[in-house]
Amino acid sequence: AQSVTQLDSQVPVFEEAPVELRCNYSSSVSVYLFWYVQYPNQGLQLLLKYLSGSTLVESINGFEAEFNKSQTSFHLRKPSVHISDTAEYFCAVSDPRSNDYKLSFGAGTTVTVRA
Amino acid sequence: DAGVTQSPTHLIKTRGQQVTLRCSPKSGHDTVSWYQQALGQGPQFIFQYYEEEERQRGNFPDRFSGHQFPNYSSELNVNALLLGDSALYLCASSGYHEQFFGPGTRLTVL
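Everything numeric here is computed off the predicted structure, so don't read it as measured data.

Colleague: Got a sec to walk through the overall build of chain B? Specific residues and values, please.
Modeller: Helices and strands together make up the secondary structure of chain B, namely zero helices and 11 strands. Its helices and strands taken in sequence order, chain B reads β-β-β-β-β-β-β-β-β-β-β from the N to the C terminus. The C-alpha atoms of chain B give a radius of gyration of 13 Å, which matches the 13 Å a tight globule of 110 residues would have. Taken along its principal axes, the extent of the C-alpha atoms in chain B is 40 × 25 × 20 Å. Evaluated residue by residue, chain B yields a buried proportion of 48% over its 110 residues. Pairs at least 24 residues apart make up 51% of the contacts formed inside chain B by residues separated by at least 6 positions. Accessible surface, chain B: about 5,200 Å² in total, of which carbon and sulfur atoms supply 49%. Charge centroids of chain B, computed over 8 positive and 10 negative side chains, lie 12 Å from each other.

Printed below as a string of structure tokens:
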């Protein structure tokens, strides 16, 4: 069984400041890792994913996450946030051995960006 | 290319009633998963349909059932609604090692 822990439930941050959202997972096997973003009253959008290869993955809107196998972490970072980054962020894992791509999610981190 | 679509957007029911939610997957996808997202929580896996069969199920009671049609669209049915069933219900279709989510159906049980 796999589980995800998001260590911060709420992260307030000022515009143009950096932000880090922490995610740790528990699994006895290798995993695929994902970050999803949910804007108010909307569904989930994939932000970035790690399947294999380089442990540093980037999104098109400036976010990046680094897979750290020894620390079982997949923290999300952005060097300079915008007001529009205000949203709920979810870390999720899936089992690469499975063909169902079922996701196990963390409880989420609410990011509020203030001017 | 239309993404995952869900209907209705919002729904209000009373305890004991039954509800049906609908989902159309992304073009080319044949697998549909349903998740329940209670307020302030992460989505929880309900079940998944593939080739019109339930392939896997999460920890949800039998009051939650589903169906997949030959065109790969899917329905989620919930019987004997409880107040605790109030949530955002998300449908996702599967691509290459990725799930694509619809906008969700907000169910309120009074």
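From this point, the narrative continues.
Colleague: I'd like a rundown of the overall build of chain A, residues and numbers included.
Modeller: When you go through chain A residue by residue, the secondary structure sums to zero helices and 12 strands. Ordered by position from the N terminus, the helices and strands of chain A form the series β-β-β-β-β-β-β-β-β-β-β-β. On C-alpha atoms alone, chain A measures out to a radius of gyration of 14 Å, which is about the 13 Å that the 2.2 N^0.38 rule sets for 115 residues. For chain A, the C-alpha atoms occupy an extent of roughly 45 × 30 × 25 Å along the three principal directions. Going through the 115 residues of chain A one by one, you find that 49% of them count as buried. Here the contacts in chain A between residues at least 6 apart in sequence split such that 57% fall between residues at least 24 apart. For chain A, the exposed surface amounts to about 5,700 Å²; the carbon and sulfur share of it is 47%. Placing the 8 positive and 11 negative side-chain charges of chain A at their respective mean positions leaves the two points 7 Å apart.

Colleague: Lay out the nonpolar core with the relevant residues and their values.
Modeller: Nonpolar side chains in soluble globular proteins tend to end up buried together. All names here are of chain A. Ranked by size, the top nonpolar core spans 27 residues in total, and within it W35, L48, F74, L76 and Y89 carry the most contacts. Of the residues forming this core, the biggest block, four residues, is contributed by strand 10 (residues 87-94). Setting aside its immediate chain neighbours within four residues, Y89 contacts Q6, L21, W35, Y36, V37, L47, F63, L76, G108, T109 and V111.

Colleague: An account of the confidence of the model for chain A is requested, with residue identities and associated values reported.
Modeller: One rule of thumb: low pLDDT means the predicted coordinates there are not for detailed reading. Residues of chain A with pLDDT of at least 70 account for 100%, and the chain-wide mean is 93. At the level of individual helices and strands, chain A shows its lowest average pLDDT in strand 7 (residues 56-58) of chain A, which scores 91, and its highest in strand 3 (residues 19-21) of chain A, which scores 98.

Colleague: Can you break down the pattern of salt bridges residue by residue, with the values?
Modeller: Enumeration according to the criterion identifies eight salt bridges over all chains in this entry. Taking the shortest distance from any N to any O, the salt bridge between E98 of chain B and K49 of chain A comes out at 2.8 Å. Of this pair, E98 of chain B sits in strand 10 (residues 98-101) while K49 of chain A sits in strand 6 (residues 44-50), on two different chains. The partly exposed category is assigned to K49 of chain A, whose relative accessible area is 28%. The residue R22 of chain B makes a salt bridge to E75 of chain B at a minimum N-O spacing of 3.5 Å. Residue R22 of chain B is found in strand 3 (residues 19-24), and its partner E75 of chain B is found in strand 8 (residues 74-78); the two are separated by 53 residues along the sequence. With relative accessibility at 42%, the residue R22 of chain B sits in the partly exposed group. Classification of E75 of chain B by relative accessible area gives buried; the value is 17%.

Reading guide: rules and limits
Residues numbered from 1 in each chain as written. Chains lettered and ligands numbered in written order. Predicted model: local features only at pLDDT ≥ 70, side-chain atom pairs only at ≥ 80, totals over all residues. Heavy atoms only, no water. Helix = DSSP H or I, 4+ residues; strand = E, 2+ residues; numbered from the N terminus. Rg over C-alpha atoms; globule rule 2.2 N^0.38 Å. Buried < 20%, exposed > 50% of the residue type's maximum accessible area, 1.4 Å probe, protein only. Contact = heavy atoms within 4.5 Å. Areas by Shrake-Rupley, 256 points an atom, 1.4 Å probe, with all protein chains shown as cover. Lys, Arg positive; Asp, Glu negative; His and termini not counted. Charge placed at Lys NZ, Arg CZ, Asp CG, Glu CD. Core = buried A, V, L, I, M, F, W, Y, C linked by side-chain atoms within 4.5 Å. pLDDT = per-residue confidence, 0-100. Salt bridge = Lys/Arg side-chain N within 4 Å of Asp/Glu carboxyl O.

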